[in-house]
Amino acid sequence: MPTPIAELGEFALIDRLTNQHHTTQSSTLKGVGDDAAVLCAPEGQVQVVTTDLLLEGVHFDLTYVPLKHLGYKAVMVNLSDVFAMNAKPAQITVSIGISSKFSIEQLDELYEGIYLAASRFGVDVVGGDTSASLNGLVISITALGYAPKEAVVYRSGAKPTDLICVSGNLGAAYMGLMLLEREKRVFETDPTPYFTPDFDGREYLIERQLKPEARGDVISTLLSHGIQPTAMLDISDGLSSELLHLAQASQVGIRLYEERIPIDHETFAAAEDLHLSPIAVALNGGEDYELLFTIPLSYADQIRAIPGVHIIGHTTEADEGCHLITADGSLAPIEAQGWNAQQKLQEISQNNTSHQQ
């Protein structure tokens with residue numbers, strides 16, 4: 001029988017959710033248990049801080065997102081931002097807003113995912129907050145990391161003639177979302193308790209959407225090869241959007257080669273099944289949490305020797321603009337068409353209006 005949250009009360013709930021975690025970072029002087037955490041940046045290093053807010057119905061749908069996966073993903077998307085600064089994550093805080101529809105056991109499941117993700121990189125959970133919510137589940141995570149000042153990489157450091165690189169492959173998370181949404185619609189048409197979603201042969205895409213991995217391994221590999229990017233971002237809103245962010249911040253132009261964009265065979269096949277362009281999916285899908293970075297041309301041979309990292313283009317002078325060079329050699333302007341929270345809210349509002357009519 002599910003246990004209502006009201007049975008515990010706020011302080012007992014906080015104790016239940018935090019007493020299973022023990023800090024391991026030397027920079028954590030005091031974690032949970034006081035009015036504030038006490039942290040100390042390692043000598044000679046600076047601190048980087050990032051925060052992400054996830055709202056039920058806007059950023060995630062609990063119809064098909066398991067709570068353990070949600071907790072894991074909420075942490076990973078923040079750690080990805082820390083890695084994108086070429087820093088090492090060390091601590092997170094977790095704040096949640098919870099409606100009365102959730103039970104204690106469900107929160108245990110959510111936090112199981114949070115702690116699993118934190119443990120992947122030895123990150124300490126050092127604080128946060130809980131509050132009642134009238135509109136579902138809200139998760140806000142702040143991640144803190146450290147790096148030598150000279151090692152921090154900004155999106156503004158690219159120079160003309162730098163190589164543009166990306167880790168992994170692109171578009172898989174978006175196709176996973178499309179498959180989840182498709183099966184949700186099928187279920188809503190016939191909500192039988194025996195419903196089994198059809199993901200046969202597409203498990204990789206579902207995992208990329210529900211359980212993304214921050215690419216700390218790429219940061220470690222670049223360091224071991226003596227390569228420091230000149231600019232870097234993680235791909236949360238889609239490759240096209242992130243390239244334009246990089247171009248604007250660095251005041252450079254972009255030449256992106258269509259045939260070099262890495263697309264997994266499952267992504268390609270699923271996109272064609274749903275009558276979508278695989279290239280458009282890779283450019284605009286988002287939520288891949290791969291790393292996009294630039295390096296000087298002199299590192300070309302070294303970067304080619306790293307498995308899973310791809311050279312997809314190069315930077316130019318800013319007045320040359322940002323273009324995709326298509327398979328037939330023509331130039332197409334790169335346009336930002338990635339995921340947009342405001343657009344999502346408008347779609348929700350339109351759907352609610354249509355249901356009321």
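The structure reproduced in this document is the subject of the present report.

Here is what the cut-offs are and how they apply
- Throughout this document, residue positions are counted from 1 along each chain, in the order its sequence is written.
- Reporting of local features is limited, given that this is a predicted model, to residues whose pLDDT is at least 70; pairs of side-chain atoms are given and counted only at 80 or more, and all residues count toward the totals for whole chains, interfaces and linings.
- To get the side-chain values, take all heavy atoms of the structure and skip hydrogens and water.
- The distinction between a cavity and a pocket rests on a 1 Å grid over the protein atoms alone: a 1.4 Å probe fits inside a cavity but cannot get out, while a pocket stays open yet meets protein on both sides within 12 Å along at least five of seven lines, and a residue with an atom within 4 Å of a point counts as lining.
- Grid points are joined across faces, edges and corners, and a volume is the space filled by probe spheres set on the points.
- A helix here means a DSSP run of H or I that spans at least four residues, while a strand means a run of E at least two residues long, and both kinds are numbered starting from the N terminus.
- By the convention adopted, Pro, Cys, Tyr, Trp, Phe, Met, Ile, Leu, Val and Ala count as nonpolar, Lys, Arg, Asp and Glu as charged, and the other residues, Gly among them, as polar.
- A pair of strands counts as paired when DSSP detects no fewer than two bridges linking them.
- Axis angles are defined between N-to-C directions and span 0 to 180 degrees, where every axis is a line fitted to C-alpha atoms and, for a helix, only to the segment in contact.
- Contacts are residue-level and defined by heavy atoms, with any inter-residue pair within 4.5 Å sufficient.
- The buried label goes to any residue with under 20% of its type's maximum accessible area, the exposed label to any with over 50%, and the partly exposed label to all in between, with areas taken from a 1.4 Å probe on protein chains only.
- Stacked, edge-to-face and tilted are the three classes for Phe, Tyr and Trp ring pairs, Trp counted by its six-membered ring, which pair at centre distances within 6.5 Å; planes under 30 degrees apart are stacked, over 60 edge-to-face, the rest tilted.
- Two conditions define a charge sitting above a ring: the NZ of Lys or the CZ of Arg must be within 6 Å of the ring centre, and it must be within 35 degrees of the ring normal.
- Convention used here: angles under 35 degrees read as roughly parallel, angles over 145 as roughly antiparallel, angles from 65 to 115 as roughly perpendicular, and any remaining angle as oblique.
- A pair is scored as a salt bridge if a Lys or Arg side-chain nitrogen falls within 4 Å of a carboxyl oxygen belonging to Asp or Glu.
- In plain words, nonpolar cores are sets of buried Ala, Val, Leu, Ile, Met, Phe, Trp, Tyr and Cys residues tied together by side-chain atoms within 4.5 Å.

## Focus: the layout of surface pockets
Okay, so step 1: Here the second largest pocket is characterised by a volume of approximately 490 Å³.
Okay, so step 2: Of all elements in the fold, only strand 4 (88-98), strand 6 (138-148) and helix 6 (216-224) reach the threshold of two or more residues within the lining of the second largest pocket.
Okay, so step 3: Looking at the lining of the second largest pocket, the element that brings in the most residues is helix 6, giving six residues.
Okay, so step 4: Classifying every residue of the lining of the second largest pocket gives 14 nonpolar, nine polar and two charged.

## Here's the deal with the sheet that holds strand 6
Okay, so step 1: Taking strand neighbours across the sheet as the criterion, the four strands line up as 3-6-4-5 in an open arrangement whose pairing is mixed. With one partner strand each, in any of the chains shown, strand 3 (45-55) and strand 5 (124-132) form the two edges of the open sheet. Across the sheet, the mean angle from the axis of one strand to that of its neighbour is 15°, orientation sign disregarded.
Okay, so step 2: As judged from the eleven bridges shared by strand 3 and strand 6, these two strands associate in the antiparallel manner. Directly across from Leu55, in strand 6, lies its bridge partner Val138.
Okay, so step 3: The sheet strands contacting helix 2 (residues 67-84) are strand 3, strand 4 and strand 6, and the helix crosses strand 6 at an angle near 35°.
Okay, so step 4: Sheet strands touched by helix 3 (residues 104-120): strand 4, strand 5 and strand 6. Its angle to strand 4, the strand with the most contacts, is close to 170°.

## A short note on the sheet that holds strand 12 (residues 322-325)
Okay, so step 1: Here we have seven strands laid out as an open sheet, ordered 8-10-7-11-9-12-13, and mixed in their pairing. Looking at strand neighbours, the two that pair on one side only are strand 8 (231-234) and strand 13 (331-333), the edges of this open sheet. In this sheet, neighbouring strand axes are inclined to one another by 25° on average, regardless of whether the strands run parallel or antiparallel.
Okay, so step 2: Along the sheet, helix 2 makes contact with strand 8 and strand 10 (291-295), crossing strand 8 at roughly 175°.
Okay, so step 3: Packed on one face of the sheet, helix 6 meets strand 7 (163-167), strand 8 and strand 10 and runs near 20° to strand 10.

## Considerations on the environment of Arg120
Okay, so step 1: With respect to the element layout, Arg120 can be found in helix 3.
Okay, so step 2: Judged by relative accessible area, which is 42%, Arg120 ranks as partly exposed.
Okay, so step 3: Sequence-distant contacts of Arg120, that is, excluding residues within four places in its chain, are made with Tyr72, Met76 and Glu213.

## Observations regarding the packing of aromatic side chains
Aromatic ring pairs: the centre-centre distance and the angle between the two ring planes describe each pair.
Okay, so step 1: All told, the structure shown has three aromatic pairs when counted by the stated rule.
Okay, so step 2: Ring centres of Phe83 and Phe121 lie 5.0 Å apart, and the angle between their planes is 65°; on these two criteria the pair is classed as edge-to-face. Separated by 38 residues along the polypeptide, Phe83 in helix 2 and Phe121 in the loop between helix 3 and strand 5 bring together distant segments of the chain. Just as Phe83 is buried, Phe121 falls in that class too.
Okay, so step 3: Aromatic pair Phe187 and Phe195: ring centres 5.4 Å apart, planes at 50°, arrangement tilted.
Okay, so step 4: Exposure remark for Phe187: the relative accessible area of 30% places this residue in the partly exposed category.
Okay, so step 5: Taking the ring centre of Phe121 as reference, the NZ or CZ of Arg120 above it sits at 5.2 Å.
Okay, so step 6: A cation over a ring is seen here: Arg260 above Tyr257, with NZ or CZ 4.7 Å from the ring centre.

## Notes on unusual backbone geometry
Okay, so step 1: Of note in this structure, Thr161 is not a glycine but carries a positive phi near 80°.
Okay, so step 2: Among the secondary structure elements, Thr161 is positioned in the loop between strand 6 and strand 7.
Okay, so step 3: A residue is classified by how much of its surface remains accessible, and Thr161, at 52% relative accessible area, is exposed.

## Remarks on the pairing of strand 8
Okay, so step 1: Here strand 8 shows a buried face lined by Ala231 and Leu233 and a second buried face lined by Met232 and Asp234.
Okay, so step 2: Looking at chain direction, strand 8 and strand 10 are connected through four bridges and run antiparallel. Looking at the pairing, Leu233 lines up with Leu292 of strand 10.

## Examining the packing of helix 4 (residues 172-189) against helix 5 (residues 203-210)
Okay, so step 1: Where helix 4 meets helix 5, the closest approach of the two axes is 7 Å, and the angle between their N-to-C directions is 100°. It follows from the interaxial angle that helix 4 and helix 5 lie roughly perpendicular. Judged by residue contacts, Ala172, Ala173, Met175, Gly176, Leu177, Leu179 and Leu180 of helix 4 engage Tyr204, Leu205, Ile206, Arg208, Gln209 and Leu210 from helix 5.

## Quick word on the pattern of salt bridges
Okay, so step 1: Inspection of every chain in the model, using the stated rule, returns 14 salt bridges.
Okay, so step 2: Notably, a salt bridge pairs Glu56 with Lys101, separated by 2.7 Å at the nearest N-O pair. Residue Glu56 is found in the loop between strand 3 and helix 2, and its partner Lys101 is found in the loop between strand 4 and helix 3; the two are separated by 45 residues along the sequence.
Okay, so step 3: Lys101 sits in the exposed class, given a relative accessible area of 52%.

## So, the nonpolar core
Okay, so step 1: Grouped together as the largest cluster of nonpolar side chains are 66 residues, with contacts concentrated most on Leu79, Ile92, Leu110, Ile139, Phe293 and Ile303.
Okay, so step 2: With ten residues, helix 2 is the single largest residue contributor to this core.
Okay, so step 3: Setting aside residues up to four positions removed in sequence, Leu79 forms contacts with Pro89, Ile92, Ala117, Phe121, Val123, Ala143 and Ala214.
Okay, so step 4: Core analysis: the second largest hydrophobic core is formed by 23 residues, Leu243, Ala247, Ile279 and Leu324 among them.

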